[in-house]
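Observations on the three-dimensional arrangement
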Amino acid sequence: MTVKNSLLCILFASLIDGAGFVSAAAPENASVSPSAHRESGYDQPPKNILEVMHAPSLPVPYVNPTKDTILLVSWQEYPAMSRVATPFLRLAGVRIEPGNHSKHDTPGGYGITPCVRTLELVRIASGAQIHVPLPAGACPSSLLWSANGRQFAFENIAPAAVQLWIGDALTGRVRQVQGARLNPMFGDELQWMPNQKELLVKLVPSDMGPAPPVSAASGGPSIQETSGETGQSSTYENRDTLAGKHDEDLFDYYSASQLAIVDAASGAITPLGKPGLYELLNAAPDGRHLLVSNIHKPYSYITTYDRFPQDVSVWDTSTRSAVAAHRIASLPLADRVPIRGVALGPREFGWRATEPATLTWAEALDRGDWNVEVPARDKIMMLKAPFTAPAIEIARTEQRFVGFDWSENPRVALMREHDENRHWVKISVINVDDPQGKPSVLFSLSTDEEYANPGRPVHRVLANGAAVIRQDGDSIYLAGMGSSPDGDRPFLDRLELASRKSERLFRSDKSSFEQFLSFLDAGERRFLTWHQSAMDPPNAFVRTLGNSLDAASGEATVASTSSAITHLADPTPVVREIKKRLVKYKRADGLDLSFTLYTPPGYKEGMRVPTILDAYPLDYADASKAAQVVGSQQTFTRLRQYRLLLLAGYAIIDDASFPIVGDPKSAYDTYLDQLVADAKAAVDEAVRLGVADPGRIGVTGHSHGALMTANLVAHTDLFRAGVATSGSYNKTLTPFGFQNERRSVWEAEDVYLKVSPFFFADKLKTPLLIVHGAEDANPGTTPIQASKLYEAIRGNGGTARLVMLPHEPHWYTAMESNEQLVYEMIRWFDKYVKNAPSPSSAH
């Protein structure tokens, strides 16, 4: 299981991805022949797999700030192809649907914006549920609780507009705000104002007229020029860039927003200022000042909108009919930023949560380049209302400043900085009002450290909507994943800032996976958790801290009077027949590794079955961190994509450790050798356990895992076949870095060639299925990567199949596409792995 780095990602991953999307498998001797070709052009896997794919998804909990209600949100697992195929425009890193002005893709272009399927309100005190009726055909997204817990706002992606809706937490009724057409192009299009009675929004201007038409002038040449300056542009900054004058006109048209205030009770809309290309939008705690950035020309054809010139200002909205603006910074075009570097000038703007209107930001002292050796990389600036005095410097950071986390105590804030060269993070306690005081280091550890990860601060939402670190005197609370050699056991700690003494209040037991969600009272004795096990679906529980300590662990016990608040049922009981276990083993060089081994329904110990290995290589600066186990065997098993092959009689070697260990500046010098060693260790262990048939093992991987797959079938004889999805196979097409490789192809030509299976197509004789989304927006995995690898294998006499999924981005979204993917994987692995003749020499 991959550990996520943000609090939101940790929560979402544990509730969704981390739960191990797995599904029940048929015994190996069952008939699992894929279905016939349909008139739609798409194929389907067998019925038992379709039933699992079509089952409803389990909801995710969103607790309101007043801690009395949970909003259970069930997301649509696979939207229909009709939605995924909606036409869109590519505009400087954003994909916009012109029909309704909606954002077609998720941030980074990895998927399609998801829709909510159902909403349920749950009263924490009683467990009573209220169904929230949604309009027919609705596609709700971006749900936001008000700080008083009485209302929630959300967007509805309708055919002609992105609508604004408001829900009543007491009754569950929802209503549309008439005349409010949101513009989500740059984000920040919907937020509650500090008074919690109004919403700050970005609207499509009412008088914008029709979109710019294609004309003879717009059909002229697209011209770019460089005049001898050096400066690289990272591979990942050139997604869906502008291509000409007409694209610029379209960008201006669809980016334009009218800022406005919406009265949540009456629905009245009050415009603020004039329409503009507003990216950053954030209200100060006083509700009077707004932080606003406005994009302007000249644009670039090689980078995305976030590097375009911008003016950053603070708006005073005390007189809403005549907004006054205070210019904070004018940022030039930043199209020559060092790889893994930052742009020059102010960045990381944010309001201080504990003051009415105080702004902070960072500025680089190393030209934005991590290669430059300097005593301090960033300086941190602060400026208070009325924003007419010069900003003052409040701190300097040894490494790159990431941000502040403000606490309830105005004298206490946590400052985070990150060292890209060492994979290191430092969190310090700072009083920004004390110019003589120095930050005091609270935590300093590797970003790859899981076992000693202290967790993340627990927050409280203030009446004005600001989220601050919850404090109990001098203590704060930390919640984390609790990774250990036996898997993850989430925890809740109390930490005294002065003494640095930590007290464990709660830890998930070994037979379940239970995460802290929120405190329920001011005394921090009762709290809400999200509990699941391999056999029990996730549900909300109320826990009460006990007063005794477990003698063996030294951890506080949880009272046995705890009770479930929700009672969600298992949508796929057949999946419970799947068994999983944590397997630990060693690489040839002694490095500790692990994987999760899934066996199909009906499996009996001693049976050797066809087996599929899936992995995603990760880069580590420290070998000891690469050996740490992450993930849990106690999560509720659910199935997606390759894990659905369990229902076709395959065992799965899942989340196999594939570390690439070395100095981040040069780790890929030994990428191929380490990749082969990782694979051999995993396969040998699965065979030793008596589960994997050594002559019937396949390999699969997505994105960077697809590169792994193609390299393993090209350079080893461990596998009978491979399936590579959405990969990058010729790294010279991403010449300014890939994954965590920071050198350009001109600095490390040999590395780029060796890691690229395209240049070994003449040796690639193991059957390889290549699947790719035809609209993949990831600059590192453009569709040409798949087609050119297929052509190379075909031209050199290899065995391959190329499947291009229409309309799909990097992660496949539509039900039809996912059915096709599973169909293709079963077809390929059945032919070349399960039913393949015995090799002349077994592994």
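Residues numbered from 1 in each chain as written. Predicted model: local features only at pLDDT ≥ 70, side-chain atom pairs only at ≥ 80, totals over all residues. Heavy atoms only, no water.

1. With respect to helix α7 (residues 704–715)
Look at α7: 17 Å from first C-alpha to last across 12 residues, which is about the 16 Å you get at 1.5 Å a residue. Counting buried residues along α7, 11 of its 12 residues qualify, which places the element largely inside the surrounding structure. Within α7, the full set of buried residues consists of H704, G705, A706, L707, M708, T709, A710, N711, L712, V713 and A714. (Helix = DSSP H or I, 4+ residues; strand = E, 2+ residues; numbered from the N terminus. Expected span 1.5 Å × (residues − 1). Buried < 20%, exposed > 50% of the residue type's maximum accessible area, 1.4 Å probe, protein only.)

2. Brief notes about the confidence of the model for the protein chain
Taken as a whole, the protein chain shows an average pLDDT of 90; of its residues, 91% reach a score of 70 or greater. In this model residues 1–34 is a low-confidence stretch, pLDDT under 50, and it forms 117 contacts with partners more than four residues away in sequence or in other chains. (pLDDT = per-residue confidence, 0-100. Contact = heavy atoms within 4.5 Å.)

3. Topic: the side chain of Q532
Looking at the element boundaries, Q532 is found in strand β36 (residues 526–532). In terms of polar contacts, Q532 uses its side chain to reach the backbone amide nitrogen of F636, at 2.9 Å. (Polar contact = N/O pair within 3.5 Å; in protein donor to acceptor, adjacent residues only side chain to side chain.)

4. Here's the deal with the side chain of E248
Counting through the fold element by element, E248 comes out in helix α4 (residues 245–255). The class for E248 is buried, based on a relative accessible area of 13%. If sequence neighbours within four positions are ignored, E248 has contacts with L242, K297, Y299 and Y301.

5. Quick look at the environment of P435
Within the secondary structure, P435 is located in the loop between β26 (424–430) and β27 (440–446). In this structure, the C-alpha to C-alpha distance between P435 and F719, residues 284 residues apart in sequence, is 62 Å.

6. Quick look at the packing of aromatic side chains
Using the criterion set out here, one finds 27 aromatic pairs in the structure. Taken together, a centroid distance of 5.4 Å and an interplanar angle of 50° make the contact between F736 and W746 tilted. Separated by 10 residues along the polypeptide, F736 in the loop between β47 (721–725) and α8 (749–754) and W746 in the loop between β47 and α8 bring together distant segments of the chain. Ring-pair connections join several aromatic residues into one group, and the members of that group are F186, F251, Y299, Y305 and F308. Across from the ring centre of F491, 4.2 Å away, lies the NZ or CZ of R504, which sits over that ring. (Phe/Tyr/Trp six-rings, centres within 6.5 Å; stacked < 30°, edge-to-face > 60°. Lys NZ or Arg CZ within 6 Å of the ring centre and 35° of its normal.)

7. Some words on α4
With 8 of its 11 residues buried, α4 lies for the most part within the structure. Looking only at α4, the buried set comprises H246, D247, E248, L250, F251, Y253, Y254 and S255. Residues of α4 that are buried make contact with β3 (89–91), β4 (94–97), β14 (257–263), β15 (269–276), β16 (278–283) and β17 (289–295).

8. Describing the pattern of salt bridges
Considering all chains together, one arrives at 47 salt bridges under this definition. One salt bridge in this structure joins K625 and D622, with 3.1 Å as the shortest N-O distance. Of the residues examined, K625 reaches a relative accessible area of 14% and is grouped as buried. Connected via shared salt-bridge partners are R90, R95, D105, R239, D240 and E775. (Salt bridge = Lys/Arg side-chain N within 4 Å of Asp/Glu carboxyl O.)

9. A word on the sheet that holds strand β21 (residues 358–364)
An order of β20-β21-β22-β23 is seen for the 4 strands of this open sheet, with the pairing classed as antiparallel. A single partner strand is all that each edge strand has here, and the edge strands are β20 (347–351) and β23 (392–397). Taken over all neighbouring pairs, the strand axes of this sheet differ in orientation by 20° on average, direction set aside. Examined bridge by bridge, β21 and strand β22 (residues 378–384) share 7 bridges and lie antiparallel to one another. (Pairing = 2+ DSSP bridges. Axes fitted to C-alpha atoms, helices over the stretch in contact; angles between N-to-C directions.)

10. Considering the sheet that holds strand β25 (residues 413–419)
With antiparallel pairing, 4 strands are arranged side by side in an open sheet as β24-β25-β26-β27. Edge positions in the sheet fall to β24 (400–406) and β27, since each has one partner strand and no second. Pairwise comparison of adjacent strand axes, ignoring direction, gives a mean angle of 20° for this sheet. Bridging between β25 and β26 involves 7 bridges; their strand directions are antiparallel. The partner of R416 across the bridge, within β26, is I427.

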